[in-house]
Amino acid sequence: MKNRIGIAAIAILTGAVLLIGGATGGYAIAAHTSPTADEASAKPVPCNLRLVWDRVEQDYLAVYEDSAMVSYTGAYGRIANLSCTDADILEWQQHRRVNDLDAAVCRPVLAADVIGTVSPIGCAFPTMVVTGEPR
């Protein structure tokens, strides 16, 4: 009887150690992997190009907040978050230009490899294009 209790206690203790070790190892691996394309699109970061109402000027101010991809601003300048639509970017640029401010902002161009890891490969600068108008 004593032998069975000892074996059961050792089995429970070993199971607990393995469970804790597995959870810790899984967390460490998850913390160092890049998001897949599905994970990146499932949790969008809000658009960082905002129009804020200025009570003094009684007009909107175009405000740029740091991008979620801030590490690439040295290479590309201002970067819009992936959740910013072309309309958001063009409206923000229009408000900047009205106030004679620099309106350059780019949209990151991403590529996914065969295992689904997403990485930036460049930056695109949206511009207004009008087609079908009489010349």
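Here the structure is shown first, and the text comes after it.
Reading guide: rules and limits
- Residues numbered from 1 in each chain as written.
- Predicted model: local features only at pLDDT ≥ 70, side-chain atom pairs only at ≥ 80, totals over all residues.
- Heavy atoms only, no water.
- Disulfide = S-S within 2.5 Å.
- Helix = DSSP H or I, 4+ residues; strand = E, 2+ residues; numbered from the N terminus.
- Buried < 20%, exposed > 50% of the residue type's maximum accessible area, 1.4 Å probe, protein only.
- Pairing = 2+ DSSP bridges.

Concerning the state of the cysteines
And then number 1: Enumeration according to the criterion identifies two disulfides in this entry.
And then number 2: Across the disulfide from cysteine 47 sits cysteine 84; the S-S distance is 2.0 Å. Because the torsion about its S-S bond is 105°, the bridge between cysteine 47 and cysteine 84 counts as right-handed. Here the residue cysteine 47 occupies a position in the loop between helix H2 (37-42) and strand S1 (49-54), and cysteine 84 occupies one in the loop between helix H3 (73-76) and helix H4 (86-98), the gap between them amounting to 37 residues.
And then number 3: The class of cysteine 84 is buried, set by a relative accessible area of 2%.
And then number 4: One disulfide in the model links cysteine 106 with cysteine 123; its S-S distance is 1.8 Å. Residues cysteine 106 and cysteine 123 are joined through a disulfide that is right-handed, its torsion about the S-S bond being 65°. With cysteine 106 in the loop between H4 and strand S3 (107-112) and cysteine 123 in strand S4 (residues 118-124), this pair connects stretches of sequence that are 17 residues apart.

Quick word on the pairing of S3
And then number 1: Bridging between S3 and S4 involves six bridges; their strand directions are antiparallel. Residue pairing in the sheet places alanine 111 in a bridge with serine 119 of S4.
And then number 2: Hairpin connection of S3 to S4: five residues between the antiparallel strands, including glycine 116 at a positive phi of 95°.

All we've got here are geometric facts, nothing functional implied.
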